Amino acid sequence: MEKDFDELTIADDYMFYRVMEDPEICKTLLNRVLQGKVGTITNIELQKTIDDAGRAKGVRFDVWAKDYNGRIYDIEMPSFDRHPCLSKNTSFAIRQNIAAA
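### Section: the overall build of the chain
Now for step 1: Along its length, the chain carries 2 helices and 4 strands.
Now for step 2: Walking the chain from its N terminus toward its C terminus, one meets helices and strands in the order α-α-β-β-β-β.
Now for step 3: Each of the 101 residues in the chain was classed as buried or not, and the buried ones make up 27%.
Now for step 4: At a minimum sequence separation of 6, the contacts of the chain that also span at least 24 residues come to 37%.
Now for step 5: Per element, the accessible surface of the chain, about 7200 Å² overall, is 50% carbon and sulfur.

### Thoughts on the pattern of salt bridges
Now for step 1: Applying the stated criterion across every chain yields a total of 5 salt bridges.
Now for step 2: The partner of Arg18 in a salt bridge is Glu21, and the shortest N-O contact between them spans 3.1 Å.
Now for step 3: The partner of Arg60 in a salt bridge is Asp62, with the nearest N and O atoms 3.0 Å apart.
Now for step 4: Exposure remark for Arg60: the relative accessible area of 37% places this residue in the partly exposed category.

### A few points about helix 1 (residues 13–20)
Now for step 1: Along helix 1, the residues classified as buried are Met15, Phe16, Tyr17 and Met20.
Now for step 2: Residues of helix 1 that are buried sit in contact with helix 2 (23–33), strand 1 (41–50), strand 2 (59–67) and strand 3 (72–76).

### As for helix 2
Now for step 1: Listing the buried residues of helix 2 in full gives Cys26, Leu30 and Asn31. Down the axis, helix 2 shows its buried residues gathered within 130° of arc, on one side only. Projecting away from the buried face of helix 2 at angles above 90 degrees are the exposed residues Glu24 and Arg32.
Now for step 2: Capping of helix 2 at its N-terminal end is provided by Asp22; its side-chain oxygen lies 2.9 Å from the backbone amide nitrogen of Glu24.
Now for step 3: Just past helix 2, the residue Gln35 takes up positive phi, approximately 60°.

### Digging into the packing of aromatic side chains
Now for step 1: By the definition in use, this model includes 1 aromatic pair.
Now for step 2: Each ring, one from Phe16 and one from Tyr17, has its centre 5.5 Å from the other, and the planes form 65°; the classification is edge-to-face.
Now for step 3: Of note, Arg18 hangs over the ring of Tyr14, and the distance from its end group to the ring centre comes to 5.4 Å.
Now for step 4: Against the face of Trp64 rests Lys48, its NZ or CZ located 4.4 Å from the ring centre.

### Some remarks on the nonpolar core
Now for step 1: Counting residues in hydrophobic clusters, the biggest one holds 13 residues, and the most contacted among them are Phe16, Leu30 and Ile75.
Now for step 2: In contact with Phe16, not counting residues within four places along its chain, are Ile10, Asp62, Val63, Ile75, Glu76 and Met77.

About the cut-offs
Residues numbered from 1 in each chain as written. Predicted model: local features only at pLDDT ≥ 70, side-chain atom pairs only at ≥ 80, totals over all residues. Heavy atoms only, no water. Helix = DSSP H or I, 4+ residues; strand = E, 2+ residues; numbered from the N terminus. Buried < 20%, exposed > 50% of the residue type's maximum accessible area, 1.4 Å probe, protein only. Contact = heavy atoms within 4.5 Å. Areas by Shrake-Rupley, 256 points an atom, 1.4 Å probe, with all protein chains shown as cover. Salt bridge = Lys/Arg side-chain N within 4 Å of Asp/Glu carboxyl O. Arc of directions from axis to C-beta. Polar contact = N/O pair within 3.5 Å; in protein donor to acceptor, adjacent residues only side chain to side chain. Phe/Tyr/Trp six-rings, centres within 6.5 Å; stacked < 30°, edge-to-face > 60°. Lys NZ or Arg CZ within 6 Å of the ring centre and 35° of its normal. Core = buried A, V, L, I, M, F, W, Y, C linked by side-chain atoms within 4.5 Å.

This is the structure we're talking about:
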């Protein structure tokens, strides 16, 4: 069932991607979660796919962001119909790779 635009929230895929593609909004969200440790966002890729992961299967990141220090952030919006083991108390997850890319 499709929603009207006015009914969309950040939990809806369309709105999540439209909001997170803005570097300033993405930085603000990351700084709130990570307590002000994120610098200027220099690159954002939505639904970034890495097919060649060595011996592992490929992966897809909802939002892949990189800051000016080379830190990489994976921002995921859980969708409860995607995977049954996700916690219903989790609004989103952020994983940070501190190693320079």
